[in-house]
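Structural overview
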Amino acid sequence: MTQQEILDLFIETGALLEGHFLLTSGKHSNKYFQCAKVLQYPEYAGKLGEIISVFFKHYDIDTVIAPAVGGIVVGQEVARQLNKKSIFAERVNGKLTLRRGFEINGGEKVLVCEDVVTTGGSVFEVMEVVKNSGGEVVGVGMIVDRSNGKVDFGVPQISALQTEVVTYEPEECPLCKEGIPAVKPGSRGLT
Ligand code: ZN
């Protein structure tokens, strides 16, 4: 799939929202990726996940891990295609943690998957969870890289869609100046 075809898929499914958004970073933007809207269709989750699984096909991977909630569908789909174990980390008191009996053994080779990356905060945190458990992070797969490749995880990484969304400091935001109310989308903070 070309970048334009992928972008069209996001627009068609309502996964690329336009409006006035308050981002987790505190900045404002006129665009927001609600990745779940495209991933709710298994066919599209499969096609987008394939970009990640094809890239990592020849890597030595034992396990795929994702940060909850947004990353879970991506991790599960990529793990299914690679026929590997799929686990996720979830926030307990704000900190990403392995629960539900999930564990990573010493030397386990782990691929981290996420839906949307802006600053990479959750991915870096999951990478720490893996390392602290004695595992080895072999790569990172994302559906949308909003940093347009600027976030570097220090391991092989691939994203289905690279894009740069224009963001504004609240005091400089032209949408605020027009008096349009800002909305806070997304799922971070949910448990
Ligand atoms: Zn604003």
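Further up the page is the structure itself.
Below or above, wherever it landed, is the structure these notes cover. (Residues numbered from 1 in each chain as written. Predicted model: local features only at pLDDT ≥ 70, side-chain atom pairs only at ≥ 80, totals over all residues. Heavy atoms only, no water.)

Before going further, it helps to spend a moment on the coordination of the zinc ion. Protein coordination at the zinc ion comes from H20 (NE2), H28 (ND1), C173 (SG) and C176 (SG), with a distance range of 2.0 to 2.4 Å. Geometry at the zinc ion is tetrahedral, judged from the four donor atoms that bind it and their angles of 94 to 120° at the metal. Summarised as a motif, the one-chain spacing of the donors to the zinc ion is H-x7-H-x144-C-x2-C. With H20 in strand β1 (residues 16-22) and C176 in helix α6 (residues 174-177), this pair connects stretches of sequence that are 156 residues apart. Given the relative accessible area of 3%, H20 is considered buried. (Donors = N, O, S within 2.8 Å, 3.2 Å for Na, K, Ca; no water. Tetrahedral: all angles 85-135°; square planar, octahedral: opposite > 155°, others 65-115°. Helix = DSSP H or I, 4+ residues; strand = E, 2+ residues; numbered from the N terminus. Buried < 20%, exposed > 50% of the residue type's maximum accessible area, 1.4 Å probe, protein only.)

A few words on the packing of helix α1 (residues 3-13) against helix α3 (residues 42-55). Packed helices, taken two at a time, are described by their axes: the angle between them and the distance between them. Here α1 crosses α3 at 150°, and the two axes come no closer than 12 Å. One element, α1, and the other, α3, form an angle in the roughly antiparallel class. Handedness of the crossing formed by α1 with α3: left-handed. Taking contact as the criterion, the partners of I6, L9, F10, E12 and T13 in α1 are, on α3, Y44, L48 and I51. For the contact of α1 with α3, a count of residues per class yields six nonpolar, one polar and one charged. (Axes fitted to C-alpha atoms, helices over the stretch in contact; angles between N-to-C directions. Parallel < 35°, antiparallel > 145°, perpendicular 65-115°, else oblique. Left-handed = near helix turned anticlockwise from the far one by under 90°. Contact = heavy atoms within 4.5 Å. Nonpolar A, V, L, I, M, F, W, Y, C, P; charged D, E, K, R; others polar.)

What follows concerns the packing of aromatic side chains. Inspection of every chain in the model, using the stated rule, returns eight aromatic pairs. Between Y41 and Y44 the ring centres are 5.6 Å apart and the planes differ by 70°, which places this aromatic pair in the edge-to-face class. A relative accessible area of 38% means that Y41 is categorised as partly exposed. One aromatic cluster is present, formed by F55, F56 and Y59 through successive ring pairs. (Phe/Tyr/Trp six-rings, centres within 6.5 Å; stacked < 30°, edge-to-face > 60°.)

Further remarks concern unusual backbone geometry. In this chain, A68 is followed by V69 through a cis amide linkage whose omega measures 0°. Mapping V69 onto the fold places it in the loop between β3 (63-67) and α4 (70-82). Of note in this structure, N83 is not a glycine but carries a positive phi near 55°. Positionally, N83 belongs in the loop between α4 and β4 (85-92). For N83, a relative accessible area of 68% translates into the label exposed. For N93, which is not glycine, the phi dihedral falls at a positive 50°. As for its position among the elements, N93 is in the loop between β4 and β5 (95-98). N93 sits in the exposed class, given a relative accessible area of 80%.

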